[in-house]
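An overview of the molecular structure
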Amino acid sequence: MDIKILNIDSINEAAREFVSHIGEHRVFAFYGKMGAGKTTFIKAICEELGVEDVITSPTFAIVNEYTPSSALLPPSSKIFHFDFYRIKKLEEVYDMGYEDYFYSGALCFIEWPELIEELLPEDAVRVTIAEEADGTRTVSF
């Protein structure tokens, strides 16, 4: 499926459409070049799910945890937002206990998954964000 993001003003509409397709899936791997809009789109998704916390890129922390207030998710659900851009070795991911996150049943949104590809669950949804020549973005999953 493809979702078009025409401009920053339409990102919440695109996030709303994405959320409507989450279903039972829990792990989402976001692929895209630097500046494609991965963090911005994940932020919009989290907002659509009712996250009221400040949503930032976990580039230095590697993982941020958010608590959504959406009726779409069970009470006391968690969202984990990962950014593996700074990972140098897979051992770092093992040391952080990635399995506790990926297999927790919580929503996991992962930036730079290509750096940990072999650790992704088989049922992870691969999401690609591509910047088009006209400046729009296409989200494919």
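Our subject is the structure listed above.
Here is a short report on the structure shown in this document. (Residues numbered from 1 in each chain as written. Predicted model: local features only at pLDDT ≥ 70, side-chain atom pairs only at ≥ 80, totals over all residues. Heavy atoms only, no water.)

**Some words on the nonpolar core**
The condition that has to hold: In this text, buried Ala, Val, Leu, Ile, Met, Phe, Trp, Tyr and Cys residues form a nonpolar core when linked through side-chain atoms within 4.5 Å. Buried means the residue's accessible area, taken with a 1.4 Å probe over protein chains only, is under 20% of the maximum for its type, while exposed means over 50%, and partly exposed covers the values in between. Helix numbering and strand numbering both begin at the N terminus, where a helix is a DSSP run of H or I of at least 4 residues and a strand a DSSP run of E of at least 2. Throughout, a residue-residue contact means that at least one pair of heavy atoms, one from each residue, lies within 4.5 Å.
Ranked by internal contacts, the top residues of the largest apolar core, which has 28 residues, are Phe18, Phe28, Phe30, Phe41, Ile45, Leu49 and Phe109. Counting residues per element, the ones that place at least two in this core are strand E1 (2–5), helix H1 (11–19), strand E2 (27–31), helix H2 (38–48), strand E5 (107–111) and strand E6 (125–131). Apart from the residues lying within four places of it in its own chain, the contact partners of Phe109 are Phe28, Phe30, Ile42, Ile45, Cys46, Leu49, Ile79, Phe80, His81 and Phe82. Counting 19 residues, the second largest nonpolar core, distinct from the first, contains Phe80, Leu90, Ala106 and Leu120.

**Digging into the environment of Tyr94**
Take Tyr94: it is sitting in helix H3 (residues 90–95). As a C-alpha pair, Tyr94 and Leu119 span 25 residues in sequence and 9.2 Å in three-dimensional space.

**Quick notes on the packing of aromatic side chains**
The description of an aromatic ring pair uses the distance of the two centres, along with the angle that the planes make with each other. We apply this condition: Pairing of aromatic side chains requires ring centres within 6.5 Å, counting the rings of Phe and Tyr and the six-membered ring of Trp. Pairs whose planes differ by under 30 degrees are stacked, by over 60 edge-to-face, and all others tilted. Placement of a charge over a ring requires the Lys NZ or Arg CZ to be within 6 Å of the ring centre, with the centre-to-atom vector within 35 degrees of the ring normal.
Counted according to the given criterion, the structure contains 14 aromatic pairs. Ring geometry for Phe80 versus Tyr101: centroids 4.8 Å apart, planes at 80°, classification edge-to-face. Highlighted residues: Phe80 in strand E4 (residues 79–83) and Tyr101 in helix H4 (residues 98–102), separated in sequence by 21 residues. The class for Phe80 is buried, based on a relative accessible area of 10%. A centroid spacing of 5.4 Å and a plane angle of 70° characterise the contact between Tyr98 and Phe102, whose relative ring orientation is edge-to-face. Of this pair, Tyr98 and Phe102 both sit in helix H4, 4 residues apart, which is roughly one turn of the helix. Neither residue differs from the other here; Tyr98 and Phe102 are each classed as buried. Here a set of aromatic residues connected by ring pairs shows up, and it is made of Phe80, Phe82, Phe84, Tyr94, Tyr98, Tyr101 and Phe102. Sitting above the plane of the Trp112 ring, Lys38 keeps its charged end 4.2 Å from the centroid.

**Quick word on the packing of H1 against H2**
Using the following cut-off: Comment: axis = line fitted to C-alpha atoms, over the contacting stretch for helices; angle = value between 0 and 180 degrees taken between N-to-C directions. The labels follow the angle: roughly parallel below 35 degrees, roughly antiparallel above 145, roughly perpendicular from 65 to 115, and oblique for the rest. Crossing handedness follows the turn of the near helix against the far one: under a right angle anticlockwise gives a left-handed crossing, and clockwise gives a right-handed one. By the convention adopted, Pro, Cys, Tyr, Trp, Phe, Met, Ile, Leu, Val and Ala count as nonpolar, Lys, Arg, Asp and Glu as charged, and the other residues, Gly among them, as polar.
The contact between H1 and H2 brings their axes to 8 Å, and the two run at 65°. Compared by their axis directions, H1 and H2 come out roughly perpendicular. The hand of the H1/H2 crossing is right-handed. Residues Ile11, Asn12, Ala14, Ala15, Arg16, Phe18 and Val19 of H1 touch H2, and the partners they reach there are Thr40, Phe41, Ala44, Ile45, Glu47 and Glu48. Partitioned by chemical class, the residues of the contact of H1 with H2 number 8 nonpolar, 2 polar and 3 charged.

**Observations regarding H1**
Put simply, the test is: The arc in question is traced by the directions running from the helix axis to the C-beta atoms.
Listed as buried for H1 are Ile11, Ala14, Ala15, Phe18 and Val19. Down the axis, H1 shows its buried residues gathered within 140° of arc, on one side only. Elements that come into contact with the buried residues of H1 comprise E1, E2, H2 and E6.

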